[in-house]
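# What the coordinates show
Take a look at the letters that make up each chain.
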Amino acid sequence: MLVLVAPGQGSQTPGFLTEWLELPGAADRVAAWSDAIGLDLAHYGTKADADEIRDTAVAQPLLVAAGLLSASALGDIGPGAVAGHSVGEITAAALAGVLDDTAALSLVRKRGLAMADAAAITETGMAALLGGDPEVTVPHLEKLGLTPANINGAGQIVAAGTMEQIAALEADKPEGIRRVVPLKVAGAFHTHHMGPAVETLAEAARALAPADPKVAYVSNKDGKAVASGAEVLERLVGQVANPVRWDLCMGTFQELGVTALLELCPGGTLTGLAKRALPGVKTLALKTPADLDAARELLAEHAA
């Protein structure tokens, strides 16, 4: 059984879409998406610098477009389950048939703009903590006023809060933490700082007509497989101001009997977590089209 996963914000790098746009039909597809959401995805995916694609309003639709483009390049896909980390959940919703591609990109465009507006209210950020024990780390973060915004498993927690709180964390690391790594994001996502974005996203969601997932859709909220399209959409709305529990998602992958994990473009982060937390599960990250043949082989061996 194979799970198809989509990465979240911070995984983008300058020019990462360049080779993907050379595939037959890819440039036309991305141009149509760009027209639909009013954002030049090809420009940002090929010519923009790191600061430009760090912008939340740009990064989020760019990542969803990259995930959908790389998935389509695989041809017929038969995963047993899908999941996405943070904004990657919108990619996963499209892959599961809950939303069509245009609806998913329209929703993520509004999500990115709303979260960028929320992030502008207070200067906030996020940092990954490597190592340590969650039972020690989480209380320490709360003592500093920080939120454990992503509990990723495999010894990784991402803290979020004001820049002053992040600086305090770097000076006062929890016991057992090897490193504190600032992330390339523009705000304290998945915390109360994103509260203003929730209602904006809820209004956008009310205009959509979600279908029920065609495959198991594993949710960041609690790692549960969600069978209702309406519930998927409801969780996507609340997710922006609530922690991501990727550790629980990986626990569900184990319960489902997943034997392989394929991470869509720009892959790498979730594959790295899986290698540490899911021993025996084969992993592959789609970084460039050169990875497609290996990905198709993995699909043929493990897909439903």
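In what follows, the accompanying structure is described. (Residues numbered from 1 in each chain as written. Predicted model: local features only at pLDDT ≥ 70, side-chain atom pairs only at ≥ 80, totals over all residues. Heavy atoms only, no water.)

Right, let's talk about the overall build of the protein chain for a bit. Within the protein chain, the regular secondary structure consists of 13 helices and 10 strands. By principal-axis analysis of the C-alpha atoms, the protein chain measures approximately 50 × 45 × 35 Å. Burial analysis of the protein chain (304 residues in total) assigns 54% to the buried set. Considering only intrachain contacts with a sequence separation of at least 6, the fraction spanning at least 24 residues in the protein chain is 74%. Approximately 12200 Å² of the protein chain is accessible, and the part contributed by carbon and sulfur atoms is 51%. (Helix = DSSP H or I, 4+ residues; strand = E, 2+ residues; numbered from the N terminus. Buried < 20%, exposed > 50% of the residue type's maximum accessible area, 1.4 Å probe, protein only. Contact = heavy atoms within 4.5 Å. Areas by Shrake-Rupley, 256 points an atom, 1.4 Å probe, with all protein chains shown as cover.)

Turning our eyes to something else, we now look at the nonpolar core. By size, the foremost hydrophobic cluster in this structure holds 75 residues, and its most contacted members are Tyr217 and Leu262. Per element, the largest residue contribution to this core is 10 residues, and it comes from helix 4 (residues 56-73). When sequence neighbours within four positions are dropped, the list of residues in contact with Tyr217 reads Val82, Glu89, Ala92, Ala93, Ala96, Lys224, Ala225, Val226, Val232 and Leu236. Judged by nonpolar contacts, the second largest core, of 17 residues, contains Val3, Val218, Val258 and Leu273. (Core = buried A, V, L, I, M, F, W, Y, C linked by side-chain atoms within 4.5 Å.)

Taking 1.5 Å per residue as the helical rise, helix 6 (residues 101-119) with its 19 residues ought to reach 27 Å, and the 26 Å between its terminal C-alpha atoms agrees with that figure. Of the residues making up helix 6, those classed as buried are Ala103, Ala104, Leu105, Leu107, Val108, Arg109, Arg111, Gly112, Ala114, Met115, Ala118 and Ala119. Buried residues along helix 6 sit in contact with helix 1 (26-37), helix 4, helix 5 (88-95), strand 3 (124-131), helix 9 (195-206) and helix 10 (229-239). (Expected span 1.5 Å × (residues − 1).)

To continue, consider the pattern of salt bridges. Should their charged atoms come close, side chains of opposite charge can pair. For the structure on display, the rule yields 8 salt bridges. The closest approach of N and O atoms between Glu231 and Arg235, which form a salt bridge, is 3.0 Å. Of this pair, Glu231 and Arg235 are both found in helix 10, 4 residues apart, which corresponds to roughly one turn of the helix. Classification of Arg235 by relative accessible area gives buried; the value is 14%. Note that Glu301 and Lys282 form a salt bridge whose closest N and O atoms lie 3.2 Å from each other. (Salt bridge = Lys/Arg side-chain N within 4 Å of Asp/Glu carboxyl O.)

Further remarks concern the sheet that holds strand 2 (residues 81-84). Read from one edge of the open sheet, 6 strands run 8-7-2-1-9-10, paired in mixed fashion. Only two strands of the sheet have a single partner each, and these edge strands are strand 8 (225-226) and strand 10 (282-285). Bridge analysis of strand 2 against strand 7 (residues 216-218) gives 2 bridges, and the strand direction is parallel. Bridging from a neighbouring strand, Val82 pairs with Tyr217 of strand 7. Contacts between helix 5 and the sheet are confined to strand 1 (2-6), strand 2 and strand 7, with strand 2 contributing the most and set at about 155 degrees to the helix. (Pairing = 2+ DSSP bridges. Axes fitted to C-alpha atoms, helices over the stretch in contact; angles between N-to-C directions.)

Within the element layout of this structure, Glu89 appears in helix 5. What Glu89 contacts, discounting residues up to four positions off in sequence, is Gly84, Tyr217, Val218, Ser219, Asn220, Leu236 and Gln239.

So, on to the pairing of strand 1. Taking burial as the measure, the 5 residues of strand 1 include 5 buried ones, the bulk of the element. The pairing of strand 1 with strand 9 (residues 260-263) spans 4 bridges and is classified as parallel. If you follow Leu2 over to strand 9, its bridge partner there is Ala260. Sheet analysis places strand 1 next to strand 2, joined by 4 bridges and oriented parallel. Following the sheet pairing, Val3 is matched in strand 2 by Ala81.

Read from one edge to the other, the open sheet built from 4 strands follows the order 4-5-3-6, with strand pairing classed as antiparallel. Each edge of the open sheet carries a strand with a single partner, namely strand 4 (147-153) and strand 6 (177-182). Strand-to-strand twist across the sheet, computed as the mean angle between neighbouring axes with direction ignored, equals 25 degrees. Note that strand 4 and strand 5 (residues 156-162) share 5 bridges and pair antiparallel. Across the sheet, residue Asn150 finds its bridge partner in strand 5, namely Val158.

The terminal C-alpha atoms of helix 1, which comprises 12 residues, lie 17 Å apart, in line with the 16 Å expected from a rise of 1.5 Å per residue. Within the sequence span of helix 1, burial applies to Ala26, Val30, Trp33, Ser34 and Ile37. The buried residues of helix 1 occupy one face: seen down the axis, they fall within an arc of 105 degrees. Relative to its buried face, helix 1 has exposed residues pointing more than 90 degrees away, namely Asp28 and Asp35. Looking at the packing, one finds that the buried side of helix 1 touches helix 2 (41-46), helix 4 and helix 6. (Arc of directions from axis to C-beta.)

Next up on the list: the environment of Gly15. If you trace the backbone, Gly15 turns up in the loop between strand 1 and helix 1. We classify Gly15 as partly exposed; its relative accessible area is 23%. Sequence separation of Gly15 and Gly45 is 30 residues, and the distance between their C-alpha atoms is 5.3 Å. Setting aside anything within four residues of it in sequence, one finds Gly15 in contact with Gly45 and Thr46.

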